[in-house]
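Here's the letter readout for the chains.
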Amino acid sequence: MASNSLTSLLSLLLILSTLPSISCQLGNWRLLFDSIGLVAMHMQLLPNDRLLTFDRTDFGPSNLSFPNCPSNPLNPNPNSQNPNLYQSTTYFSNPPNPNFYPPSTDSSSSIPPNPNPNNLYPPTTESSIPQNPNPNFYTDCTAHSLLLDLTTLSLTPLSLLSDPWCSSASLLPNGSLLQTGGFGTGDRSVRLFSLSSLSWTENPNSVLVRRWYASDQLLPDGTVIIIGGRRQFNFEYFPPYQQNYQLFDFLFLEETNDPDSENNLYPFVHLLPDGNLFIFANTKAIIFDPLRQNPTRYLPEIPNSVPRNYPSSGSSVLLPLNPNEPSRAEILICGGAPRGAFLLALHNSTFLQADKTCGRIVPTDPRPVWVMEEMPLPRVMGDMVILPTGDILIINGASSGTAGWELGQDPVLNPVLYRPYRPVGYRFETLNPSSIPRMYHSSALLDSFGRVLVGGSNPHIGYLFQNVTYKTELSLEAFLPPYLEPALDFLRPRNVEVGVGSTGQVQYGEILPVKFELDEDLGFDVEMCIISPGFFTHSVGMNQRMVRLSVLRVERVGPVEYVAEAVGPGSAEVAPPGYYMWFVLHGGVPGKAAWVRVLPSGAFS
């Protein structure tokens, strides 16, 4: 075995010595679909290796038709690229569902008690939003949502009627997707996508106020906090806090609102390992206690005064959590647009250069400070994706302008790799470019194969394919980071199975077996991590997080078979209950992840 290990080591050194001459050592691109039929404005990876994506519903037909759909007299050609053809219909009223939101009887609540506990639709005090359980929706013979099986690459169109444009979401502990808010007919909707039925259930008037450009965060007890939205300086919970329809004021969002351009929409929200939330909007950050519903302290303002939230649209990520430092968390925020850039682009067609800086802060430190760095390229409307190596991929976006229709210019085609653990000045690396601009309304996420799926881009009100600088983009690509280089396949773990009986169920702090296979002898370190599948839209990756795991020992049990002992995440504050991708890395090279479910504990289970 020692001889074989030496051979493997020599092979690796030989391969690594030649990598600079291999073009794909800076990543590679694969076109999966020239067209999926709609713009991948919102993207969510599901625990069964299916990609759920959806667009707006209020602009007319998409390019994805339902099979056997009755002909539409107003649109004889459902595949037409004419966004102006649609017909209206009355949306069905969902049957009463007393379990969807528990009834409220607390007279002290800021929202009046529900006089009808069997009514799905809670009352509201916001006079600008009428109670209307039967709104009108635009429908046609085309789909505005789809499901893509990543194993077979088969597409399934899905019926989605309420408008989820610029909405928010969180994967629940049972694997269902909670999808909240949107625009117009969908601004107070709650949609649930079931992992078992693979279909949408739509529930209008089920959040207390309109939620457009809000952020959702899963909490340790499995509930979801829904924060902000346009002209909403408040938050609420799903299910409602203590079973009350209660709306909570959030002055921080009022303090960070720019009256002329907002710059605090889609606030960055990250769950810290002590159960508090890091919340960032515009240029400011706070630590927030979601149990007591108040800030615990204000953090220093990020230097240089560049707004980072929509429409200035930088991006943020919680850097990987480490079991050796269980209480430490670090946040990275990159890109954005100078103050005033939105109005200059909107009124003067003047497109200022996007920001090049990144800020890092350790909010769990007693006296946290921002450490600033500079990216190789300016970027606005970028996405930040955590890779199983712990590196951060910065991808998509533009180098001038802001988010908004026709407000961005100069696409950034090159992704950038950020290696958080290298010294300052050596962390960024520019990777191979795509040929497809990914501007406003594009998204990117990590899949269980270790690829980054990239789709969307539509800076126009409707679908436009000709006579525009940046056409509506219906394609779907996969970016292959450098660790997917075929020359490294001999290091790559295969057939990963987790848990006793390979059930994939994980308890907090549990020591559990992990099986995997290697083509070569074990000659390098074995590492493991779990990554939650986040919800990605508008440069925000809601609920994205990576937790490194302790590996106690690794034993060879067959010609290519190995069994390791690993320790599950320490608490629900570190890893909220739900589904995760469990990656095994050998010599820094990940294999395909196994899906696991971190089980809730206590009364919630």
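Before reading further, recall that the structure is shown in the block above.
Further remarks concern the state of the cysteines. Within this structure, the stated rule accounts for 1 disulfide. Residue C334 pairs covalently with C358 via a disulfide, S to S 2.0 Å. With the S-S bond torsion at 115°, the cross-link from C334 to C358 turns out right-handed. Within this pair, whereas C334 is found in strand β21 (residues 331–334), its partner C358 is found in strand β22 (residues 357–361), the two being separated by 24 residues in sequence. What makes C358 buried here is its relative accessible area of 0%.

A few words now on the environment of E202. With respect to the helices, strands and loops of the structure, E202 is situated in strand β11 (residues 200–203). Spatially, the C-alpha atoms of E202 and R191 are 4.5 Å apart, while their sequence positions differ by 11 residues. Reaching out from E202, the side chain makes a polar contact with the backbone nitrogen of L161 at a distance of 2.9 Å. Of the polar contacts made by the side chain of E202, one reaches the side chain of S162; its length is 2.6 Å.

Ordered in space as β16-β17-β18-β19, the 4 strands form an open sheet in which the pairing is antiparallel. Bordering the open sheet on either side are β16 (268–271) and β19 (294–298), each of which pairs with just one other strand. For this sheet, the mean inter-axis angle between neighbouring strands, taken without regard to orientation, is 30°. As paired strands, strand β18 (residues 284–289) and β19 are joined by 4 bridges and run antiparallel to one another. Note on β19: the bridge partner recorded for I287 is R297.

What follows deals with the nonpolar core. Ranked by size, the top nonpolar core spans 129 residues in total, and within it L52, F278, L332, V498, M528 and W582 carry the most contacts. No other element matches strand β41 (residues 578–586), which puts 6 residues into this core. Setting aside its immediate chain neighbours within four residues, M528 contacts V514, R548, L549, V551, A564, A566, W582, F583 and V584. Residues I227, Y237, L271 and F288 belong to the second largest nonpolar core, which totals 16 residues.

With that settled, consider the pattern of salt bridges. Applying the stated criterion across every chain yields a total of 24 salt bridges. The salt bridge involving D391 is made with R419; its shortest N-O contact spans 3.8 Å. In this pair, D391 sits in the loop between β24 (383–386) and β25 (392–395) while R419 sits in the loop between β28 (416–418) and β29 (428–430), placing the two residues 28 residues apart along the sequence. What makes D391 buried here is its relative accessible area of 13%. Taking relative accessible area as the criterion, R419 reaches 17% and is therefore assigned buried. Between R492 and D489 there is a salt bridge, with the nearest N and O atoms lying 2.9 Å from each other. A relative accessible area of 11% places R492 in the buried class. Counted as one network, the salt bridges with shared partners bring together R328, E330 and R360.

About the cut-offs
- Residues numbered from 1 in each chain as written.
- Predicted model: local features only at pLDDT ≥ 70, side-chain atom pairs only at ≥ 80, totals over all residues.
- Heavy atoms only, no water.
- Disulfide = S-S within 2.5 Å.
- Helix = DSSP H or I, 4+ residues; strand = E, 2+ residues; numbered from the N terminus.
- Buried < 20%, exposed > 50% of the residue type's maximum accessible area, 1.4 Å probe, protein only.
- Polar contact = N/O pair within 3.5 Å; in protein donor to acceptor, adjacent residues only side chain to side chain.
- Pairing = 2+ DSSP bridges.
- Axes fitted to C-alpha atoms, helices over the stretch in contact; angles between N-to-C directions.
- Core = buried A, V, L, I, M, F, W, Y, C linked by side-chain atoms within 4.5 Å.
- Contact = heavy atoms within 4.5 Å.
- Salt bridge = Lys/Arg side-chain N within 4 Å of Asp/Glu carboxyl O.

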